[in-house]
Amino acid sequence: MENNQLNTRAFGPFVLSLEELRPHLLISNMTEPEIVKYIKEISMKFTKKRDQITDYVLDHRQVSAYASFYLPTNMPKMHFLLSRLPGSVLDDLKNRPFIDMGAGPGTFSLAYKMLMKIPGHVEMTAVDSAQIMLDQATKIMNGFFPGDKFQTMRKYQTAQPNGILFFGHSINEMGIDRAQDQIMTIDPEYVMWIEPGTSEFFHDIKKLRSQLLESYDVIYPCPGNAGCPSDWCHQVLRTSHDPGVERLSQMVSLDRKILPMVAHVYKRKKKTATVVNNGPVTIRFMNETKFSFEYEVCMQNEKNENRNVVIEIQKKQLSKSEEKAFKNADVGEKISFEVEKIVQEKLRVKLVRED
Ligand SMILES: C[S@@+](CC[C@H](N)C(=O)[O-])C[C@H]1O[C@@H](n2cnc3c(N)ncnc32)[C@H](O)[C@@H]1O
């Protein structure tokens, strides 16, 4: 299900090594024990309430430690999201101004720029209330892409109707009211976010989704614009990182191989109303038996309402490599099928492969 329009080749599998990143950190000579100490402190703050988590952005060493760990481990989430978009949407995104709201060290600006091969003249803007984060983002972006257009701002207060407004783990900090204000001010063509995949936060993000749908169509992950039937819907990426990053991950006891997230993409509604049907998407892995895989999927019914149903995919229809792929599949995949029969409220399905 890889989208081969993305630039994964240039960086091998989509991993960034600490060696590549280190020269571009604000403090590039921190020792490993020091980085570990700060990451542990920062991760403790992330598990506290939102109003207590913001002081890590005020210190050069903490920002460098944040960038050492969270930047390389979060970047693959952008690959996950872009890989799920149709080629027509990727083409449409490519030359638009990109605004990274709550950019931190530029995590997703860098991932987006690398993966989409964004040309140097395209406007890329990192917005963050913390100046040290912006200094870090500038050093990283100018380090990897010297001479390319990249600017930073503490606030973004103008409209950018052609643009893409992206939030990366920042709605979680600024809250949905402020995020909604930013969307109204900037009035972008696309709104995208990659946010924490927690059940508590899903409540907020679901509210923002329904506000947004007054003027935007959903592109990913929902099948259509109707109400969300879930109390908690999130995507899960299974990945691996550069050995140096994996080592850090072990030292701080934070698993970054399984990455839950809420990743969404919206596009401004066209003047002529269109019915959106993006097709079914997996929202939860339920079970593997000797004979089948079971997933919960979100799909539209005949009234164009989004509904959660459980599907059963019998293994006898899968090749060995398909079965292996299902064992390691991410959650949040688009999946096409025909219903063969209904067994105890589960849909037994036959997969429809795309060419
Ligand atoms: C968890 S970090 C995420 C950084 C980066 N996007 C990433 O995913 O690695 C959240 C960032 O949002 C910024 N932030 C919080 N509230 C903000 C606001 N109201 N406006 C702009 N940035 C904000 C913080 O300073 C911090 O850098």
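Residues numbered from 1 in each chain as written. Predicted model: local features only at pLDDT ≥ 70, side-chain atom pairs only at ≥ 80, totals over all residues. Heavy atoms only, no water.

It is worth spelling out the overall build of the chain at this point. Across its full length, the chain holds 11 helices and 13 strands. Taking 2.2 N^0.38 as the reference for a compact globule, 355 residues should give roughly 20 Å; the C-alpha atoms of the chain span a radius of gyration of 20 Å, in line with that estimate. Each principal axis of the C-alpha atoms in the chain carries an extent, and together these give about 60 × 45 × 40 Å. By residue count, 55% of the 355 residues in the chain fall in the buried class. With an accessible surface of roughly 16700 Å², the chain has 50% of that area assigned to carbon and sulfur atoms. Computed over 47 positive and 45 negative side-chain charges, the separation of the two mean positions in the chain equals 2 Å. (Helix = DSSP H or I, 4+ residues; strand = E, 2+ residues; numbered from the N terminus. Rg over C-alpha atoms; globule rule 2.2 N^0.38 Å. Buried < 20%, exposed > 50% of the residue type's maximum accessible area, 1.4 Å probe, protein only. Areas by Shrake-Rupley, 256 points an atom, 1.4 Å probe, with all protein chains shown as cover. Lys, Arg positive; Asp, Glu negative; His and termini not counted. Charge placed at Lys NZ, Arg CZ, Asp CG, Glu CD.)

Here strand S11 (residues 306-314) pairs with strand S13 (residues 346-351) via three bridges, running parallel. Note that in S13 the partner of Ile 313 across the bridge is Val 349. For strand S12 (residues 337-343) and S13, the ladder comprises six bridges, and the chain directions are antiparallel. Along S13, the bridge assignment pairs Val 339 with Val 349. The antiparallel hairpin formed by S12 and S13 contains two residues in its connecting segment, where Gln 344 sits at a positive phi of about 45°. (Pairing = 2+ DSSP bridges.)

Glancing now at the packing of aromatic side chains. Under the counting rule described, the total for this entry stands at nine aromatic pairs. Measuring from ring centre to ring centre gives 5.2 Å for Phe 69 and Tyr 70, while their planes differ by 75°; the resulting arrangement is edge-to-face. One exposure class covers both Phe 69 and Tyr 70, and it is buried. Measuring from ring centre to ring centre gives 4.1 Å for Phe 98 and Tyr 112, while their planes differ by 10°; the resulting arrangement is stacked. With Phe 98 in strand S1 (residues 98-101) and Tyr 112 in helix H5 (residues 107-116), this pair connects stretches of sequence that are 14 residues apart. The same class applies to Phe 98 and to Tyr 112, which are both buried. Of the aromatic side chains, those joined through ring pairs into one cluster are Phe 98, Phe 108, Tyr 112 and Phe 166. Here the basic side chain of Lys 37 rests over the ring of Tyr 38, its NZ or CZ set 4.4 Å away from the ring centre. (Phe/Tyr/Trp six-rings, centres within 6.5 Å; stacked < 30°, edge-to-face > 60°. Lys NZ or Arg CZ within 6 Å of the ring centre and 35° of its normal.)

We now examine the site of the ligand. Near the ligand, the surroundings consist of 19 residues, among which Tyr 66, Thr 107, Asp 128, Gly 168 and His 169 are the closest. At 2.6 Å from an oxygen atom of the ligand is found a side-chain nitrogen or oxygen belonging to Asp 128. When the free accessible area of the ligand is taken as 600 Å², the share hidden by the protein chains comes to 94%. Secondary structure elements with two or more residues in the shell around the ligand: helix H3 (60-83), H5 and helix H7 (171-174). In terms of residue class, the shell around the ligand is made up of eight nonpolar, eight polar and three charged. (Near = heavy atom within 4 Å. Polar contact = N/O pair within 3.5 Å; in protein donor to acceptor, adjacent residues only side chain to side chain. Nonpolar A, V, L, I, M, F, W, Y, C, P; charged D, E, K, R; others polar.)

So, about the sheet that holds strand S10 (residues 292-300). Spatially, S9-S10-S11-S13-S12 is the arrangement adopted by the five strands of the open sheet, whose pairing is mixed. Every interior strand has two partners, whereas the edge strands, strand S9 (281-288) and S12, have only one. Neighbour-to-neighbour, the strand axes of the sheet open up by a mean angle of 35°, direction not taken into account. Contacting S9, S10, S11 and S13, helix H11 (residues 320-327) runs over the sheet at an angle of about 70° to S10. (Axes fitted to C-alpha atoms, helices over the stretch in contact; angles between N-to-C directions. Contact = heavy atoms within 4.5 Å.)

Right, let's talk about the domain arrangement of the chain for a bit. Structurally, the chain comprises domain 1 (18-268) and domain 2 (281-351). Centre-to-centre, using C-alpha coordinates, domain 1 lies 30 Å away from domain 2. Opposite the 20 residues of domain 1 that make contact, domain 2 presents 17 residues. Across the domain 1/domain 2 interface, buried area totals approximately 1400 Å², and carbon plus sulfur atoms make up 48% of it. Where domain 1 packs against domain 2, one counts two salt bridges. Here Glu 333 and Arg 84 are joined by a salt bridge, their closest N and O atoms 3.0 Å apart. Those elements that provide at least two residues to the side of domain 1 that touches domain 2 are strand S6 (216-220) and strand S7 (235-238). (Domains from an automatic or database assignment. Buried area = accessible area lost by both parts, 1.4 Å probe. Salt bridge = Lys/Arg side-chain N within 4 Å of Asp/Glu carboxyl O.)

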